[in-house]
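If you want the building blocks of each chain, they are given just below.
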Amino acid sequence: MEHKIAGWGDRIFTIVIYTILSIIMLVTLYPLIYILSASFSDPLYIAKGEVWLLPKDFTFSAYQKVLSNADILTGYRNSLIYLVLGTTINIVMTTMGAYVLSRKDFKGRYVLALLFTFTLLFNGGLIPTYLIYKNMLGLYNNLWVMIIPSAISVWNLIIMRTYFQNSIPIEMQEAAFMDGCSNIRTLTSIVLPLSKPIIAVMALYYGVAHWNSYFTALIYLNDHWRFPLQMVIRSILIQEDMSAMAGGEGESLMQQLLLIEGMRYAVIVVSSLPMLLLYPLVQKHFVKGVMMGAIKG
Amino acid sequence: MKKIHSMIALMLVMMLIISACGDSNTGDSGNTDQEKIDAAASNVNETGFPIVNEPLTLSAMVLLSPAQPTEWNDILAWKEYEKMSGIQIQWDAYTSADINEKRNLALASDQLPDMFYRTKMPDNDIDKYGAEGSFIKLNDLIDQYAPNFKAVLEKYPDVKKGISAADGSIYALPNLTDSPSIEINRKLFINQQWLEQVGKKSPATTDELYEVLKAFRDGDPNKNGQKDEIPMTADSLDEAIQVIRGAFGLGNRGMGNGNWDLDPSSESLRFFPASQEYKELLVYLNKLYAEQLIDKEIFTNDGTKVLAKNEQNQVGSFSFGNVIGRANSNADDFVGLETALTGPNGDQLYTSARGNLGSRGAFMISKTNPNPVATMRWIDYFYSEEGSRMLYLGVEGESYQQDKDGNYDFLPEIVENIPEGSSFDQVVSKYVPYAGGSLPTLILEDYFKGGETQPSAKAAAENLKPYLPEELWAPFSFTAEQFDEKLSLETDIYGMVTQRTAEFVQGKASLDEFDNYVAQLEKMGLKRLQEIYEEAYSRYKQ
């Protein structure tokens, strides 16, 4: 705000903009604050709807329950494994794919690109895919089902290819060849060092996707000890009231209701924490990277 | 979300294709079933235990309650039964969040477990996949290999009517109860402390109930000087209606068929939300609501909220199956009605009840099962008294005992040492698999130790039992074509009933518009729906 505000018109304009932005900020921020406050409140007050901004009857009990819940800890561990392993494979595969497709001297790259794009629009559908994974590929109830089928996202591949094409001058690669670089050497010594922003962005995209994915696990995983965190959270959050069933749940129903109410918010906080921490680290690349890939493409 | 939607859409398409293919095979599925039965029977002993001579392993899909260990075979009762029967079960256990997807996927892709054990199978899917041949038709198996279940069918005639498909085939074994306290679905519990405080006695008519609730509202029975009392609450408006409607003569064949009962004057089928008595009920409820005698949050309530209100001692009466599920620290204050309420026209009936049939699709044997005979014998045990006891109490000496008076209960060292942070169900789930309900078995009151058989709920049920309808219907069965038509009609009509009921009770719509509302229902196809139900009813009566 160092520049001088010229006239009334500008001043009103600024005020209006700031008001609108503040409202948007409040609307976005409120749910986050609410969840944070609720996670520190006594579940009884959440159930009664008395928590609305600040924690009521401040307590860590929900976090204690969450962190002592074996399922959640296993889920956390599994999610981290899927995240690290999955993202590493994603980056390697996507980089290699994108590099090949970005080379103008590679014959048949249009056909290849078309085939890739085709899968972006069409797929076999859930049940045929399920049958193939289960009966032919042996991926059912297997750790790799979380990683291999999603090894490449065509969308990200295209973004990356565009980046390679537009941000790294082909002359530079030709120069590298003149100096005796092989394709691999060109990729590792010339292209990759120049592509850090896009790699950071890809890591974030893929990482978030891995962290949030539950559908693959829901369909293809069977053993509870393989479940990623999102599956565990899902079963905690979508706990149906079973009292309607014959035989009832009796005493534990009440305890469960309050337990779930309390854990619900703490679980959300705990599970979004890694991603919230990751964003600021990658953010500076984020803006740069996406712009470079997308706009010039 | 978009991805999921498209996946579900694709799944539906595939289901159609698969079901179309399946139709051509249904003709000979009966034969293959029979061959399989004969082939596998050689390994099976016709009576007694063990069931099989050579060890047999079967796979089963099951719904996992959050209280239970994720490895179902760790439960004592299953270990014991495996030793007894010689049959090992490989349980694929899914939580309630996942079971629907897993079950639909298994059925649609035809990758079936050997049996479906408590999988929340909807009634329509039983008939549909049964007719397509995914499940084995059980009529003959029951006849030959299930003496206990056969005895149950003879004992409870409503069960036999309720479990058969429209053509008489039985594809699923049900969850059954023989306990008024469980069968009386919702009971009205009244705060006795408050009753004493305001000097009233337990109401016996709807007018008295009104007076009591008014006294609760005005008399400051929780003595905090604030007018924060909620005279009556429930998880939903529907549950509040359930405990009152009998006094208006509504639902006089129980809850088996939802909003359908018999017209007392003509003995013909009646859709009671379109009756004059229903209007009287709405007038009454509207009066309660307008005078703030019913929780004003009843339309957005849920169990946790009722519980929280009870923790603050704000509730005068509530509708639920038992006390302990909705009241914690003041649970001892609540007692059920002493008698069924008498309505303005002299009806004294209590209709929030069902027959012995808890749920229809608790257990199915799939066509890929290698040994249906052994499977039938395996499950039949749980319809006997000893079997039911094993499911609900475990093993004598290890998890339960019988006291001097012949009462059964868990061993004291198990239930008296519940560790901090865990629940009764979690503790007993190491021994017995019943948590989550709806097991394919016959629940007997003496063995069941859940909320419904706690003294307060049991006493409430005893008081109401004499006023139950003389006949409680099991759900009617419909043919596939009827079912589809019925479903689309019901979606519209029932939705309208729920919406208009809420509006009438809240006073958003005047009750002068009642005839208007009935005419609207007629326009939506109530006549056609009535025909479908009448056809099903005439089949049911046979």
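What you see is a predicted model, and the numbers here were worked out from it, not measured in a lab.

Criteria and cut-off values
Residues numbered from 1 in each chain as written. Chains lettered and ligands numbered in written order. Predicted model: local features only at pLDDT ≥ 70, side-chain atom pairs only at ≥ 80, totals over all residues. Heavy atoms only, no water. Helix = DSSP H or I, 4+ residues; strand = E, 2+ residues; numbered from the N terminus. Rg over C-alpha atoms; globule rule 2.2 N^0.38 Å. Buried < 20%, exposed > 50% of the residue type's maximum accessible area, 1.4 Å probe, protein only. Contact = heavy atoms within 4.5 Å. Areas by Shrake-Rupley, 256 points an atom, 1.4 Å probe, with all protein chains shown as cover. Lys, Arg positive; Asp, Glu negative; His and termini not counted. Charge placed at Lys NZ, Arg CZ, Asp CG, Glu CD. Phe/Tyr/Trp six-rings, centres within 6.5 Å; stacked < 30°, edge-to-face > 60°. Lys NZ or Arg CZ within 6 Å of the ring centre and 35° of its normal. Pairing = 2+ DSSP bridges. Axes fitted to C-alpha atoms, helices over the stretch in contact; angles between N-to-C directions. pLDDT = per-residue confidence, 0-100. Core = buried A, V, L, I, M, F, W, Y, C linked by side-chain atoms within 4.5 Å. Domains from an automatic or database assignment. Buried area = accessible area lost by both parts, 1.4 Å probe. Salt bridge = Lys/Arg side-chain N within 4 Å of Asp/Glu carboxyl O. Polar contact = N/O pair within 3.5 Å; in protein donor to acceptor, adjacent residues only side chain to side chain. Nonpolar A, V, L, I, M, F, W, Y, C, P; charged D, E, K, R; others polar. UniProt positions renumbered as here; feature names shortened; annotations may be inferred.

Q: Could you clarify how one ought to interpret the overall build of chain B in this entry?
A: Helix and strand counts for chain B stand at 22 helices and 14 strands. Its C-alpha radius of gyration of 25 Å places chain B within 12% of the 24 Å reference for a compact globule of 542 residues. Projected onto its principal axes, the C-alpha coordinates of chain B cover approximately 75 × 60 × 50 Å. Residues counted as buried form 58% of the 542 residues belonging to chain B. In chain B, of all internal contacts separated by at least 6 residues, the share reaching a separation of at least 24 is 75%. Carbon and sulfur atoms make up 47% of the accessible area of chain B, which totals about 21,600 Å². Once the 50 positive and 83 negative side-chain charges of chain B are each reduced to a mean point, those two points are 3 Å apart.

Q: Got a minute to help me understand the overall build of chain A in this structure?
A: Across its full length, chain A carries 13 helices and zero strands. Along chain A, from the amino end to the carboxyl end, the secondary structure elements read α-α-α-α-α-α-α-α-α-α-α-α-α. Counting across all 297 residues of chain A, residues that qualify as buried make up 41%. Long-range pairs, those at least 24 residues apart, make up 73% of the contacts in chain A with a sequence separation of at least 6. For chain A, the exposed area adds up to about 16,300 Å²; of that, 70% sits on carbon and sulfur atoms.

Q: Looking at this structure, I do not really get the packing of aromatic side chains. What am I missing?
A: Centre-to-centre distance and the angle between the planes together describe a pair of aromatic rings. Considering all chains together, one arrives at 58 aromatic pairs over all chains under this definition. Between Trp78 of chain B and Trp91 of chain B, the aromatic rings sit 5.0 Å apart at their centres with planes inclined by 45°, giving tilted as the arrangement. Note that Trp78 of chain B is positioned in helix H3 (residues 76-85) and Trp91 of chain B in strand S2 (residues 87-95), a separation of 13 residues in sequence. For the pair formed by Trp78 of chain B and Trp91 of chain B, the shared burial category is buried. Taking NZ or CZ as reference, Arg109 of chain A lies 4.9 Å from the ring centre of Tyr110 of chain A, over its face. We note Lys134 of chain A situated over the ring of Tyr140 of chain A; from NZ or CZ to the ring centre the distance is 4.8 Å.

Q: I would appreciate a short explanation of the sheet that holds strand S5 (residues 187-191) of chain B in the present structure.
A: Paired through their backbone hydrogen bonds, the strands of a sheet run either parallel or antiparallel. All names here are of chain B. If you walk across this open sheet you meet the four strands as S6-S9-S5-S10, and the pairing is mixed. The open sheet terminates on both sides in strands that have one partner only, identified here as strand S6 (233-234) and strand S10 (334-336). The sheet contact formed by S5 and strand S9 (residues 317-320) spans four bridges and is antiparallel. Bridge pairing links Phe189 to Phe318 in S9. Helix H12 (residues 237-244) rests against S5, S6 and S9 of the sheet, and its axis sits at about 95° to S9.

Q: Could you clarify how one ought to interpret the confidence of the model for chain B in this entry?
A: A low pLDDT means the predicted coordinates there should not be read in detail. Residue and element names in this part refer to chain B. Of all residues in chain B, 92% attain a pLDDT of 70 or more, and the chain-wide mean is 87. In this model residues 16-30 is a low-confidence stretch, pLDDT under 50, and it forms eight contacts with partners more than four residues away in sequence or in other chains. Scoring the predicted complex yields pTM 0.80 and, for the interface, ipTM 0.73.

Q: Looking at this structure, I do not really get the nonpolar core. What am I missing?
A: Considering soluble globular proteins, one finds that nonpolar side chains tend to be buried as a cluster. Ranked by internal contacts, the top residues of the largest apolar core, which has 133 residues, are Trp78, Tyr117, Tyr278 and Trp378 of chain B. Counting residues domain by domain, this core receives three or more from each of domain 1 (47-185 + 355-446) and domain 2 (187-352 + 473-541) of chain B. Here Tyr278 of chain B is in contact with Ile241, Leu250, Phe272, Pro273, Val497, Thr501, Phe514 and Tyr517 of chain B, once residues within four sequence places are set aside. Of all hydrophobic cores here, the second largest spans 58 residues; its members include Leu83, Tyr130 and Met146 of chain A together with Leu63 of chain B.

Q: In this structure, what is going on with the confidence of the model for chain A? I would like to understand it.
A: Residues and elements named next belong to chain A. In this model, chain A carries a mean pLDDT of 83, and residues with pLDDT of at least 70 account for 87%. Taken together, the stretch residues 241-252 has pLDDT below 50 and engages in 40 contacts with residues farther than four places along the chain or on a different chain. This model gives residues 293-297 a pLDDT under 50, and the stretch forms eight contacts once residues within four places in sequence are excluded.

Q: Would you take a moment to explain the environment of Val198 of chain B for this structure?
A: All names here are of chain B. As for its placement among the helices and strands, Val198 is situated in helix H10 (residues 192-198). Placed 17 residues apart in sequence, Val198 and Ala215 show a C-alpha to C-alpha distance of 6.3 Å. Beyond its immediate chain neighbours, meaning those up to four positions away, Val198 contacts Ala215, Phe216, Gly219 and Pro221.

Q: It is not clear to me how the domain arrangement of chain B should be interpreted in this structure. Could you clarify?
A: All names here are of chain B. Domain annotation of chain B identifies domain 1 (47-185 + 355-446) and domain 2 (187-352 + 473-541). The partner domain 2 presents 17 residues to the 14 residues of domain 1 that form the contact. Between domain 1 and domain 2, roughly 1,200 Å² of surface is buried when both sides are summed, and carbon and sulfur atoms account for 54% of that area. Inspection of the domain 1/domain 2 interface yields zero salt bridges. Scanning the region where domain 1 abuts domain 2 turns up four residue pairs in polar contact (both at pLDDT 80 or more). For the side of domain 1 that touches domain 2, the secondary-structure elements that each account for two or more residues are helix H5 (123-132), helix H8 (157-163) and helix H9 (180-183). Looking at the side of domain 1 that touches domain 2, the element that brings in the most residues is H8, giving three residues. Split into classes, the residues belonging to the side of domain 1 that touches domain 2 amount to four nonpolar, six polar and four charged.

Q: Even after reading the chapter, I still don't get the sheet that holds strand S3 (residues 115-117) of chain B, so can you show me in this structure?
A: Residues and elements named next belong to chain B. If you trace the six strands from one edge of the open sheet to the other, you get S2-S1-S3-S11-S4-S14, paired in mixed fashion. Pairing within the sheet leaves two strands with one partner each, and these edge strands are S2 and strand S14 (442-444). Put simply, the sheet's adjacent strands are angled 25° from each other on average, direction ignored. Of the strands in this sheet, strand S1 (56-64), S2 and S3 touch helix H4 (residues 99-109), which is tilted by about 135° from S1.

Q: Just checking my understanding: could you explain the environment of Leu529 of chain B for this structure?
A: Along the chain, Leu529 of chain B falls in helix H22 (residues 526-541). If we skip the residues at most four places from it in the chain, Leu529 of chain B touches Trp260, Lys486, Leu489, Glu490, Ile493 and Tyr494 of chain B.

Q: Any chance you could explain the UniProt feature "transmembrane region" (unreviewed entry) in chain A here in plain terms?
A: The feature "transmembrane region" (unreviewed entry), as annotated in UniProt, sits at residues 12-36, 80-101, 110-131, 143-164, 198-221 and 262-282 of chain A in this numbering. Note that residues 262-282 of chain A is 100% helix and 0% strand, and that its end C-alpha atoms are spaced 32 Å apart.

Q: Looking at this structure, I do not really get the side chain of Asn356 of chain B. What am I missing?
A: All names here are of chain B. Positionally, Asn356 belongs in the loop between S10 and strand S11 (357-365). At a separation of 3.4 Å, a polar atom in the side chain of Asn356 contacts the side chain of Glu183. When sequence neighbours within four positions are dropped, the list of residues in contact with Asn356 reads Tyr156, Asp158, Val159, Asn175, Leu176, Thr177, Asp178 and Glu183.

Q: Help me understand the pattern of salt bridges, please; the structure alone is not making it clear to me.
A: Between side chains of opposite charge, pairing is possible as soon as their charged atoms come close. Residues and elements named next belong to chain B. Applying the stated rule across the entire model yields 24 salt bridges over all chains. For Lys309, the salt bridge goes to Asp295, with nearest N and O atoms at 2.7 Å. Separated by 14 residues along the polypeptide, Lys309 in helix H14 (residues 303-311) and Asp295 in the loop between helix H13 (276-290) and H14 bring together distant segments of the chain. With relative accessibility at 6%, the residue Lys309 sits in the buried group. Arg528 serves as the salt-bridge partner of Glu531, at 2.9 Å between the closest nitrogen and oxygen. Taken together, the residues span about one helical turn, with Glu531 and Arg528 both in helix H22 at a distance of three residues. In this structure Arg528 comes out as partly exposed when scored by relative accessible area, which is 33%.

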